[in-house]
Amino acid sequence: MSLRTWDGPLNGGIAILGGGLSGLSLAAHLAATPPRPGPVVVVDDGVHDITAASWASWTRRTGLLESAATEVFDRMRVVAGGHDRTLALGDYRYRVVHGAALVAAVRRHTDPVPDVGSSIGRVVDVDDAQRPCVVLDDGRELRPDWVFDARGPVEVDSRADAALDFLGVRIRADDPLFDPHVPVLFDFRTDQTDRASFVYVLPTDAHHALVEHVCFLDPDTPGVPADVHLAAIRVYFSEVLGVAEGTYEIGASEHARLPLVAQPAERTDGRMMRIGAAAGLLKASSGYAYEHIQRDCEAIARSFAQHGHPFDVPKRHNRFARYDRALLTAVLGRPSFLEELFAALFARGSAAPVLRFLDEDTSLRDETRLFAALPAGPLIRGLTGR
Ligand SMILES: Cc1cc2nc3c(=O)[nH]c(=O)nc-3n(C[C@H](O)[C@H](O)[C@H](O)COP(=O)(O)OP(=O)(O)OC[C@H]3O[C@@H](n4cnc5c(N)ncnc54)[C@H](O)[C@@H]3O)c2cc1C
């Protein structure tokens, strides 16, 4: 149970379906931003242990749950197109939030509020006739005024333009292999023959890191088996890092396939609103969702406080969906394009302009400046569909 137990009925107020990243983040933002339209109950099926999850992302804000960030970096490394660059992040920080720290940060806001809590149960039906009715597998019925649906994870989405398939493993190395101050966001020194792929290295200290092998796939093709990812990580260690087998240990792993959807479906239906990955907040060209989810939760809570409804959230400009689709089309058409693109994007002293673009915080003028230095052909073909 992640929040204070709620086992009573619910008549009015808010039901949040799914107590993962977005469900808990929204509960915290609602607790911290009165007035609320009544009690808030998070319902989770308990299938996913949130304390085992972690999220890395960049930000330049101090958000409500900032205390959950445990590792913070001010530089990042990109190895692409024969260039090995360590870039400053400007006013951004790249940071890691672990599930247990997220729950603790959320509870700092929810525990002092008596009518915010959580309940274990699997949602089997949501009916939005006049007023929403949420039915749980134990027969309970909740009658909230508003429903936020964060049920996930979504592994298949018929609207997906691509899929991000990755295996992450915890590594302990005998030698000090990792720079504890600099995460490697993209290292393309891995096979690109069949699919655009890179290696990601998130260090904990010089001997420990999370190492991921990440591939962009056509959404209709089968996933990459874990042993194929693992073989690529082993080749990376032996051939790129020059590390002998037997001098490092491979620990816990996570294998996932995320659908990348450039143009998500409408997220509201009457008094129901999707949040989190289910609302399309996973950025299709990067696979990151954490910061988008935090900003969205903040906007929903502010909208409730100001208007009594959740709908006054910033609308995404359609051109960002077009850019994302163009990139995915280009990368699926020619896998080596991703490396060329990233080599050009990060050929600068600071990563900040690119991070701002990925956050969709740029103006058309900023984008024109950014695009001027990029290999344009495949992107234009992706934009025009030719
Ligand atoms: C392995 C992995 C690593 C990731 N790493 C990053 C990262 O480093 N940075 C980043 O920005 N993004 C990352 N993402 C993407 C994204 O941030 C996460 O998927 C994030 O957890 C999405 O939050 P969410 O609330 O939408 O879904 P979730 O956190 O998955 O929460 C959904 C919850 O709903 C529950 N649920 C499902 N069905 C029901 C039901 N019927 N009834 C009740 N409860 C239900 C689930 O058990 C779960 O607890 C990662 C994704 C994965 C899969």
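Attention in this report is confined to the structure presented alongside it.

Conventions adopted
- Residues numbered from 1 in each chain as written.
- Predicted model: local features only at pLDDT ≥ 70, side-chain atom pairs only at ≥ 80, totals over all residues.
- Heavy atoms only, no water.
- Helix = DSSP H or I, 4+ residues; strand = E, 2+ residues; numbered from the N terminus.
- Rg over C-alpha atoms; globule rule 2.2 N^0.38 Å.
- Buried < 20%, exposed > 50% of the residue type's maximum accessible area, 1.4 Å probe, protein only.
- Contact = heavy atoms within 4.5 Å.
- Areas by Shrake-Rupley, 256 points an atom, 1.4 Å probe, with all protein chains shown as cover.
- Lys, Arg positive; Asp, Glu negative; His and termini not counted.
- Charge placed at Lys NZ, Arg CZ, Asp CG, Glu CD.
- Core = buried A, V, L, I, M, F, W, Y, C linked by side-chain atoms within 4.5 Å.
- Pairing = 2+ DSSP bridges.
- Expected span 1.5 Å × (residues − 1).
- Polar contact = N/O pair within 3.5 Å; in protein donor to acceptor, adjacent residues only side chain to side chain.
- Near = heavy atom within 4 Å.
- Axes fitted to C-alpha atoms, helices over the stretch in contact; angles between N-to-C directions.
- Salt bridge = Lys/Arg side-chain N within 4 Å of Asp/Glu carboxyl O.

### Some words on the overall build of the protein chain
Along the backbone of the protein chain there are nine helices and 19 strands. The C-alpha radius of gyration of the protein chain comes to 21 Å, within 12% of the 21 Å expected for a compact globule of 386 residues. If one aligns the C-alpha atoms of the protein chain with their principal axes, the spans along those axes are about 60 × 50 × 40 Å. The burial tally for the protein chain puts 49% of its 386 residues in the buried class. Of all intrachain contacts in the protein chain linking residues separated by at least 6 positions in sequence, the fraction that spans at least 24 positions is 75%. Working note: accessible area of the protein chain is about 16,900 Å², and carbon and sulfur atoms make up 52% of it. For the protein chain, the distance from the average site of its 41 positive side-chain charges to the average site of its 52 negative ones is 7 Å.

### Quick notes on the nonpolar core
By size, the foremost hydrophobic cluster in this structure holds 93 residues, and its most contacted members are Ile16, Tyr94, Phe148 and Phe346. Leaving out residues up to four positions away in the same chain, tyrosine 94 has contacts with Ala56, Ser57, Trp58, Glu71, Val72, Phe73, Leu89, Pro183, Leu185, Tyr200, Leu202 and Tyr288. Core analysis: the next-biggest nonpolar cluster, separate from the first, contains 15 residues, Ile171, Phe178, Val199 and Val201 among them.

### A short note on the sheet that holds strand β11 (residues 141–142)
What links the strands of a sheet is backbone hydrogen bonding, and the strands pair in either a parallel or an antiparallel sense. Ordered by their spatial adjacency, three strands build an open sheet running β9-β10-β11, and the pairing between neighbours is antiparallel. Edge positions in the sheet fall to β9 (123–127) and β11, since each has one partner strand and no second. Direction of pairing for strand β10 (residues 133–136) relative to β11: antiparallel, over a ladder of two bridges. Residue valine 134 lies in a different strand from β11, and its bridge partner there is leucine 142.

### So, helix α4 (residues 290–307)
The end-to-end C-alpha distance of α4 is 26 Å, a good match for the 26 Å that 18 residues give at a rise of 1.5 Å each. Taken as a whole, α4 has its buried residues at Tyr290, Glu291, His292, Ile293, Gln294, Asp296, Cys297, Ala299, Ile300, Ala301, Ser303 and Phe304. Directly beyond the C-terminal end of α4, a positive phi value near 80° is found at glycine 308.

### Points about the side chain of arginine 95
Residue placement: arginine 95 occurs in strand β7 (residues 93–98). A polar contact of 2.6 Å, which involves the side chain of arginine 95, links it to the side chain of serine 57. Look past the residues within four positions of arginine 95 in its chain and what remains in contact with it is Trp55, Ala56, Ser57, Thr59, Glu66, Ala69, Glu71, Val72, Tyr290 and Glu291.

### A look at the site of the ligand
In the vicinity of the ligand lie 28 residues, with Ser22, Asp44, Asp45, Ala277 and Ala289 positioned nearest. Within the backbone of leucine 21, a nitrogen or oxygen atom sits 3.1 Å from an oxygen atom of the ligand. Within the contact set of the ligand, an oxygen atom lies 2.7 Å away from a side-chain nitrogen or oxygen of aspartate 44. Expressed as a share of its isolated accessible area of 980 Å², the protein-covered part of the ligand is 85%. Of all the elements in the fold, those that place two or more residues in the shell around the ligand are α1 (21–32), β2 (40–44), β3 (54–59), β17 (248–260) and α4.

### With respect to the sheet that holds β3
Within the open sheet, the three strands sit side by side as β3-β7-β4. Their pairing is antiparallel. Of all the strands in the sheet, the pair left with one neighbour each is β3 and β4 (69–73). The sheet shows a mean angle of 25° between the axes of neighbouring strands, direction not considered. In the sheet, β4 pairs with β7 via four bridges, with the strands oriented antiparallel. Among the inter-strand pairings, alanine 69 is bridged to a residue of β7, identified as valine 97. Taken strand by strand, helix α2 (residues 99–110) contacts β3, β4 and β7, and its axis lies near 85° from that of β7.

### Details of the pattern of salt bridges
When their charged atoms lie close together, side chains carrying opposite charge are able to pair. Applying the stated criterion across every chain, the model contains 28 salt bridges. Arginine 61 is paired through a salt bridge with glutamate 291; the nearest N and O atoms lie 2.8 Å apart. Taken together, the positions of arginine 61 in the loop between β3 and β4 and glutamate 291 in helix α4 put the pair 230 residues apart, joining distant regions of the chain. Judged by relative accessible area, glutamate 291 falls into the buried class, the value being 6%. A salt bridge links lysine 283 to aspartate 324; the nearest nitrogen and oxygen atoms lie 3.1 Å apart.

### Concerning the pairing of β10
Bridge analysis of β9 against β10 gives four bridges, and the strand direction is antiparallel. Bridging across to β10, valine 126 finds its partner in valine 134. Linkage of β9 to β10, two consecutive antiparallel strands, is achieved through a turn of five residues. Between the antiparallel neighbours β10 and β11 lie four residues, among them glycine 139 with a positive phi of about 95°.

What is shown is where atoms sit, not what they do.
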